[in-house]
Structure formats: C-alpha cells, structure tokens
Amino acid sequence: MTATLETAVTEYVDVKGVRLAYRRIGHRFARKLVLLQHFTGTMDAWDPAVVNALAEVAEVFVFDNAGVGSSDGVTPDSVEAMADYAEGFIAALGLGEVDLLGF
C-alpha cells in the first residue's frame, strides 16, 4: 500500500447529477469497504490510523456525501437520503458487493 488517507488523491464521481468527492486506498483486489459518515461529517473526519490499518486488508473508500466537504449538491436531511447517495456511489464506481462501516 503506498497511498494513505492523508496522501490519496481526491477523485470525483457523478451520482444523481451530483459530483461526490472520494478517496480510495488499499489493495485493489481485496475486499471492498465503504466508510460512511454522519450527516455533515467529511472523509477527513475519519481517524487516519483506523483507515490506514483497514487499508492493509481491504480496498477502502471514503467519500463526502452530497453537500458536504468537497462534494456538490444539497446535504441529505434523512438517513434514507444518505443511504440513497451511498448506494448510488457504490453503483457509480461499479463496486458490486461491499462491506459498510459507519458512525
């Protein structure tokens, strides 16, 4: 693993007409893990020590939900709306089956 949460390049993907910012670290052929935040949390709110350790055994994805951090759009106002964006994010990247971890 060369990139860390702190050094990974921020990339963007279109989900429902909204540009979502994300970072990907870890082993590309490992299990995929998507980290979810609270309503206004950003991908930088994750503890790098936790994310970087997870990336030793998985391909880890962190993202800013709509209207938060480096993402465009309007911040979701319900867990259901956040879940819709998370589902769209996973589909837009073609990740297939993933594990989820959130707080």
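Keep in mind the model is a prediction, meaning the values are calculated, not measured. (Residues numbered from 1 in each chain as written. Predicted model: local features only at pLDDT ≥ 70, side-chain atom pairs only at ≥ 80, totals over all residues. Heavy atoms only, no water.)

1. Some details on the nonpolar core
Next up, step 1: Judged by nonpolar contacts, the single largest core of 15 residues is most densely connected at Leu20, Val34, Phe63 and Phe89.
Next up, step 2: At the level of elements, β1 (11–15), β2 (18–26), β4 (58–63) and α2 (79–92) are the ones that each hand at least two residues to this core.
Next up, step 3: No other element matches the four residues that α2 contributes to this core.
Next up, step 4: Setting aside chain neighbours within four positions, we find Phe89 in contact with Val13, Val15, Leu20, Tyr22, Val34, Phe61 and Phe63.
Next up, step 5: Among the nonpolar cores identified, the runner-up in size contains 13 residues, and Leu5, Ile25, Trp46 and Val60 belong to it. (Core = buried A, V, L, I, M, F, W, Y, C linked by side-chain atoms within 4.5 Å. Buried < 20%, exposed > 50% of the residue type's maximum accessible area, 1.4 Å probe, protein only. Helix = DSSP H or I, 4+ residues; strand = E, 2+ residues; numbered from the N terminus. Contact = heavy atoms within 4.5 Å.)

2. Let's talk about the side chain of Asp64
Next up, step 1: As for its placement among the helices and strands, Asp64 is situated in the loop between β4 and α2.
Next up, step 2: Despite being buried, Asp64 has no salt bridge partner; Arg23 is the closest side chain of opposite charge, sitting 6.5 Å away.
Next up, step 3: Non-local contacts of Asp64, meaning those with residues more than four positions away in its chain, are made with Leu20, Ala21, Thr42, Met43, Gly69, Ser70 and Ser71. (Lys, Arg positive; Asp, Glu negative; His and termini not counted. Salt bridge = Lys/Arg side-chain N within 4 Å of Asp/Glu carboxyl O.)

3. A look at the pattern of salt bridges
Next up, step 1: Throughout the structure, instances matching the rule amount to five salt bridges.
Next up, step 2: The salt bridge partner of Glu59 is Arg28, with a shortest N-O separation of 3.9 Å. Residue Glu59 is found in strand β4, and its partner Arg28 is found in the loop between β2 and β3 (31–36); the two are separated by 31 residues along the sequence.
Next up, step 3: Overlapping salt bridges, with partners in common, bring together Arg24, Arg28, Lys32 and Glu59 in one network.

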